[in-house]
Amino acid sequence: MASSRGFVWWCAMAGTGASVKMIRCAVKCGGQQQHVVVAARGDRRSPAIAAPPPATVRMPGRVLCCGMRSRGADLAGVEMAPGPQPQGGVSGLFRGPRSSPRYSRVRATVTVDPEDIPLEKVQAKSSGSVLPYVGVACLGAILFGYHLGVVNGALEYLAKDLGIAENAVLQGWVVSTTLAGATAGSFTGGALADKFGRTRTFILDAIPLAVGAFLSATAHDVRTMIIGRLLAGIGIGISSALVPLYISEISPTEIRGALGSVNQLFICIGILAALVAGLPLAGNPAWWRTMFGISIVPSILLALGMAVSPESPRWLFQQGKLSQAETAIKKLYGREKVAEVMYDLKAASQGSSEPDAGWLDLFSKRYWKVVSVGAAMFLFQQLAGINAVVYYSTSVFRSAGIASDVAASALVGAANVFGTMIASSLMDKQGRKSLLITSFSGMAASMLLLSLSFTWKALAPYSGPLAVAGTVLYVLSFALGAGPVPALLLPEIFASRIRAKAVALSLGMHWVSNFFIGLYFLSVVNKFGISTVYLGFASVCALAVVYIAGNVVETKGRSLEEIERALSSAS
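In this text, all values refer to a predicted model and were calculated from it rather than measured experimentally.

Description of the overall build of the chain
Part 1 of the argument: Broken down by element type, the chain carries 19 helices and eight strands.
Part 2 of the argument: Buried residues in the chain amount to 53% of all 571 residues.
Part 3 of the argument: The contacts in the chain between residues at least 6 apart in sequence include a share of 81% that link residues at least 24 apart.

Here it is as structure tokens:
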């Protein structure tokens, strides 16, 4: 890094207490004119940067010298000393208040690194938009929800067609094989995302999603159905890790919470679409094949959309592909945000040239605490009972005497969508932690109501309406925080070098617990009764509230780089 010391120039600051945050000035050093940026605060010394300026530099405030203007900010780091008034016509450049101008001498160091002080960190307004690319990524979230929910209404009808109507174990495997595949996919997704990038991994992910849907739709024996469900599960496992990771890495800080919760919103839309798609089954038992085949279309659209979407600038920066990172930033936010975002990325990586973490690094003392929080969030999310409600709401409503059980399940899906929309509007206002506590508290109360509705004889005449009301309230509470926040919070709290693998590990916990709940829920209900099971879910929700209050950090309004630096310094 070249530098030149010892030059002196004159600047005047009009009026008492005038200050300037960043100054760009043309000076002569060694017989050559150079453009210098000076950042100043107080009287501490600070290097200044020599960088070729844009054709026009506009900074709001009072004219100071050489066309520079004051932004009314504190001085940041140059030595100011009183000096004599310069000769010639220089004084005519200053337009101060009624008091006489004061002149100061500035000594500075010229350094040819334009990123040491971010001149463009003036928070220029973005001219780009990330929304189209968030929308493309959310096709993965729709498929996530659809493949989870499609079996709910179709199970009874496909069981008859495949000859397993009397075999509860094989029916359980049809449900749970997807979850087993998703467990493997979630771990694979992190490694693929680190190796090939986010967008290429999305394109690869479309293959098992489409093939799995095709095999499920055309299956004439249970083996083909299970293979199809397994492939679809691998696909949704990869996308479950990839969608929140990609969205968090391309979203602007000020709306990252809202966009991150859109992931959960589209999962809910996928579940709702699967429940609504099951409505024609009563009149057309063979409709279940069409239900599975529909999901081929968004799989193809996901691959096509990601082929034209920008790669994550953070991943490109980590790979040393700086020019490609700048191109991606231009596409996402506009040309005027390039310097600001690149500065943030460089600041986050400064002092660390470490490669991406290996799997064993996640269990090291340095990272284990934050990784355990991520895993615990998904463990609580699943053990609180949400997927038991989604998978078997039709059966529960039927046992409670609800005539239109499929319609009741569709109502549950609508409640999930509505609650997630509310959460999206609150995410960047209330914060992640407060929404989590409110959500799990509401879920505990709802599960307690459900448990009592099946236990108290006095409530027996109302058990049907109470089952629907309690389930809807539970799903609304879930959608306010326990649903959207974990997938949003994890990419925020994990350091960049462990982010993809740590998200994958946490989601692996999600899918493992999800698998066992899907496989054994009906058996546990048959053994202990639905009331006891719901009481157990309520206890898990109460325990989650205590854990979150003591261990989860608030990330609202902070960039991923700021969060990473804060957690690194705290560890």
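A few points about the packing of helix α15 (residues 463–482) against helix α16 (residues 484–493)
Part 1 of the argument: Following both chains from N to C, one finds α15 and α16 inclined at 10°, their axes separated by 5 Å at the closest point. Between α15 and α16, the crossing angle belongs to the class labelled roughly parallel. Where α15 approaches α16, its residues F478, A479, L480, G481 and A482 are matched on the opposing element by P484, V485 and P486.
Part 2 of the argument: Taken together, the residues of the contact of α15 with α16 break down into seven nonpolar, one polar and no charged.

Details of the side chain of S506
Part 1 of the argument: By the secondary structure assignment, S506 is in helix α17 (residues 499–528).
Part 2 of the argument: Separated by 3.5 Å, the side chain of S506 and the backbone nitrogen of A375 make a polar contact.

Some remarks on the pattern of salt bridges
Part 1 of the argument: Under the criterion given, the structure shown has six salt bridges.
Part 2 of the argument: E249 is the salt-bridge partner of R499, the closest N and O atoms lying 3.4 Å from each other. Residue R499 is located in helix α17, and its partner E249 is located in helix α4 (residues 222–250); the two are separated by 250 residues in the primary sequence. Across the pair, E249 and R499 agree in class, each one buried.
Part 3 of the argument: We note a salt bridge from E340 to K337, for which the minimum N-O separation is 3.1 Å.

Details of the confidence of the model for the chain
When pLDDT drops low, the exact placement of atoms in the prediction is not to be read closely.
Part 1 of the argument: With 70% of its residues at a pLDDT of 70 or more, the chain has an overall mean of 75.
Part 2 of the argument: Counting contacts from residues 1–122, a segment whose pLDDT is below 50, to residues more than four positions away or on other chains yields 224 contacts.

Regarding empty space enclosed by the protein
Part 1 of the argument: With the rule as written, the count across this model stands at five cavities of 30 Å³ or more.
Part 2 of the argument: If you add up the space inside the largest cavity, you get close to 220 Å³.
Part 3 of the argument: Along the walls of the largest cavity sit 19 residues, with F144, Q264, I267, Q381 and H510 positioned nearest its centre.
Part 4 of the argument: Within the residue set of the lining of the largest cavity, elements represented by two or more residues are α1 (131–162), α5 (256–277), α11 (368–383), α12 (386–399) and α17.
Part 5 of the argument: Sorting elements by how many residues they give to the lining of the largest cavity places α5 first, with four residues.
Part 6 of the argument: Grouping the amino acids of the lining of the largest cavity by side-chain chemistry returns ten nonpolar, nine polar and no charged.

Focus: the nonpolar core
Part 1 of the argument: Ranked by internal contacts, the top residues of the largest apolar core, which has 106 residues, are V371, F440 and F494.
Part 2 of the argument: Here this core gets eleven residues from one element, more than from any other, and that element is α17.
Part 3 of the argument: Ignoring any residue separated from it by four or fewer positions in sequence, one finds V371 in contact with L362, F494, I498, A502, L505 and S506.
Part 4 of the argument: Grouped together as the second largest cluster of nonpolar side chains are 21 residues, V174, V222, A274 and F292 included.

Side note on α11
Part 1 of the argument: A rise of 1.5 Å per residue sets the reference length of α11, with its 16 residues, at 22 Å; its end C-alpha atoms lie 22 Å apart and thus fit the reference within 8%.
Part 2 of the argument: With twelve of 16 residues buried, α11 is to be regarded as a mostly interior element.
Part 3 of the argument: Every buried residue of α11 is accounted for by V370, V371, S372, V373, G374, A375, A376, M377, F378, F380, Q381 and Q382.
Part 4 of the argument: Immediately downstream of α11, the backbone of G385 shows phi near 105°, a positive value.

Quick notes on a nonpolar patch on the surface
Part 1 of the argument: A cluster of nonpolar side chains, contributed by V512, F516, Y520, V524 and F528, occupies part of the molecular surface with about 460 Å² of accessible area.
Part 2 of the argument: Tracing the chain through its elements places F516 in helix α17.

Re the packing of aromatic side chains
Part 1 of the argument: Here the structure, examined in full by the defined rule, presents five aromatic pairs.
Part 2 of the argument: For the pair F363 and W368, a centre-to-centre distance of 5.6 Å together with 25° between the ring planes defines the contact as stacked.
Part 3 of the argument: Given the relative accessible area of 48%, F363 is considered partly exposed.

Looking at the packing of helix α14 (residues 432–455) against α16
Part 1 of the argument: Running from N to C, α14 and α16 point in directions that differ by 150°, and their axes come no closer than 11 Å. As summarised for this structure, α14 and α16 are arranged roughly antiparallel, according to the angle between their axes. Here α14 and α16 pass one another in a crossing that is left-handed. Contacts between α14 and α16 involve R432, L435 and L436 from the first element and V485, P486, L488, L489 and E492 from the second.
Part 2 of the argument: In terms of residue class, the contact of α14 with α16 is made up of six nonpolar, no polar and two charged.

Quick look at the environment of V412
Part 1 of the argument: You can see V412 is positioned in helix α13 (residues 405–430).
Part 2 of the argument: Sequence spacing of V412 and C268 is 144 residues, and the spatial spacing of their C-alpha atoms is 9.9 Å.

Describing the environment of H147
Part 1 of the argument: Tracing the sequence through the fold places H147 in helix α1.
Part 2 of the argument: Exposure remark for H147: the relative accessible area of 2% places this residue in the buried category.
Part 3 of the argument: Separated by 89 residues in sequence, H147 and I236 have C-alpha atoms that sit 7.8 Å apart.
Part 4 of the argument: Residues within four places of H147 in sequence aside, it is in contact with L209, A213, R229, A232, I236 and S295.

What about the side chain of S299?
Part 1 of the argument: Examined against the element boundaries, S299 turns out to sit in helix α7 (residues 296–307).
Part 2 of the argument: With relative accessibility at 0%, the residue S299 sits in the buried group.
Part 3 of the argument: Residues within four places of S299 in sequence aside, it is in contact with L143, A206, L209 and A210.

Here is what the cut-offs are and how they apply
- Residues numbered from 1 in each chain as written.
- Predicted model: local features only at pLDDT ≥ 70, side-chain atom pairs only at ≥ 80, totals over all residues.
- Heavy atoms only, no water.
- Helix = DSSP H or I, 4+ residues; strand = E, 2+ residues; numbered from the N terminus.
- Buried < 20%, exposed > 50% of the residue type's maximum accessible area, 1.4 Å probe, protein only.
- Contact = heavy atoms within 4.5 Å.
- Axes fitted to C-alpha atoms, helices over the stretch in contact; angles between N-to-C directions.
- Parallel < 35°, antiparallel > 145°, perpendicular 65-115°, else oblique.
- Nonpolar A, V, L, I, M, F, W, Y, C, P; charged D, E, K, R; others polar.
- Polar contact = N/O pair within 3.5 Å; in protein donor to acceptor, adjacent residues only side chain to side chain.
- Salt bridge = Lys/Arg side-chain N within 4 Å of Asp/Glu carboxyl O.
- pLDDT = per-residue confidence, 0-100.
- 1 Å grid on protein atoms, 1.4 Å probe; cavity = no way out; pocket = protein on both sides within 12 Å on 5 of 7 lines; lining within 4 Å.
- Points joined across faces, edges and corners; volume = space filled by probe spheres on them.
- Core = buried A, V, L, I, M, F, W, Y, C linked by side-chain atoms within 4.5 Å.
- Expected span 1.5 Å × (residues − 1).
- Patch = residues over 30% accessible without salt bridge, like charges linked within 9 Å, V, L, I, M, F, W, Y side chains within 5 Å.
- Areas by Shrake-Rupley, 256 points an atom, 1.4 Å probe, with all protein chains shown as cover.
- Phe/Tyr/Trp six-rings, centres within 6.5 Å; stacked < 30°, edge-to-face > 60°.
- Left-handed = near helix turned anticlockwise from the far one by under 90°.

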